[in-house]
Amino acid sequence: ANREQELVNGNIDYYVGTYSITDARKEQIDFAGPYFITGQGLLVAKDNSDINGPDDLAGKIVCSVTGSTPLQRIRDEYSPGDTVEYDTYSQCIEQLLAGSVDAITTDEAILAGYVAERPDELKIAGEPFSEERYGVGLAKGDTALKDHINALFTDGGDIWQALFDEHLAPSGISGEQPAVD
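Residues numbered from 1 in each chain as written. Predicted model: local features only at pLDDT ≥ 70, side-chain atom pairs only at ≥ 80, totals over all residues. Heavy atoms only, no water.

## Considering the nonpolar core
Membership of the largest hydrophobic core comes to 29 residues, with the highest contact counts inside it found for Phe36, Leu43, Ile104, Leu122, Ile124, Val136 and Ile149. Contributing elements (two or more residues each) for this core: strand S2 (29–38), strand S4 (61–65), helix H4 (89–98), helix H5 (108–117), strand S7 (122–124), strand S8 (132–139), helix H6 (143–155) and helix H7 (157–167). Element by element, the count of residues in this core is highest for H5, at five residues. When near neighbours in sequence (up to four residues on either side) are disregarded, valine 136 contacts Tyr14, Tyr15, Val16, Asp30, Phe31, Ala32, Tyr35, Ile149 and Phe153. (Core = buried A, V, L, I, M, F, W, Y, C linked by side-chain atoms within 4.5 Å. Buried < 20%, exposed > 50% of the residue type's maximum accessible area, 1.4 Å probe, protein only. Helix = DSSP H or I, 4+ residues; strand = E, 2+ residues; numbered from the N terminus. Contact = heavy atoms within 4.5 Å.)

Following this line, the structure appears as C-alpha cells:
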C-alpha cells in the first residue's frame, strides 16, 4: 500500500511485482517498462460453464483480495450477486474449490499462475476486460536506472519468452513482450 511513498522517501530503489503503471502513480514516481501487459480476468472451477466473462456474474459470488481495484470494478461496472474479500488470493482459491464462491477476479497474469498450478481444477473464464501495464517503479528522475532496466527488457526477449512459456503459458493464455515506453 505504501510503494510510492517508499520510493519517494528513498527507502527502496525500485519495486517490481504486478505494479500497474497509472497516471496517478506517474505523478509521484517513474516507471521502467512496461515488461508485461495483462488485464482483469475471472478464474472459475474447471467444470464451470456458466461464467464466460463479467457479464455472466448476475447471481454469482465473486472473490478478490481486500480493497482491490478489480473487485471494485466488478461492483461498479457489472452486477454480481455478491462479492467477498479475503487477505490473500489463496484464501479465495480455497473458497472457490470448496464451492463457496463462483469466481475470483484480479489481473489475468496472477490468475494464470493459479491455473498453471492446478490445471485440472481451475480455468480462466473468457478474455481480459481491462488493460494493466506492469512496470518497475523507480524514484522520480532516476533516468540512469530507468535506462538500465529498459535495456535489460529490450535485450532480454528470449529470456522473457522462456519465463512466460514456463510460468504462464501452461494456463492457456498467450502473450508477447511489450515494447518499453
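## Examining H4
When H4 is considered as a whole, its buried residues turn out to be Tyr89, Cys92, Ile93 and Leu96. End-on view of H4: buried residues confined to an arc of 105 degrees, all on one side of the axis. Turned more than 90 degrees from where H4 packs its buried face, Glu94 and Ala98 sit exposed. For H4, the elements touching its buried residues are strand S3 (40–45), S4, strand S5 (82–86), strand S6 (103–107), H5 and S7. Glycine 99 lies just past H4 and shows a positive phi near 85 degrees. (Arc of directions from axis to C-beta.)

## Focus: the side chain of serine 64
Here serine 64 lies in strand S4. Taking relative accessible area as the criterion, serine 64 reaches 0% and is therefore assigned buried. Among the polar contacts made by the side chain of serine 64, one reaches the side chain of serine 68 at a distance of 3.1 Å. Not counting the four nearest positions on each side in its chain, serine 64 is found in contact with Leu71, Val84, Glu85, Tyr86, Tyr89, Cys92, Thr105 and Thr106. (Polar contact = N/O pair within 3.5 Å; in protein donor to acceptor, adjacent residues only side chain to side chain.)

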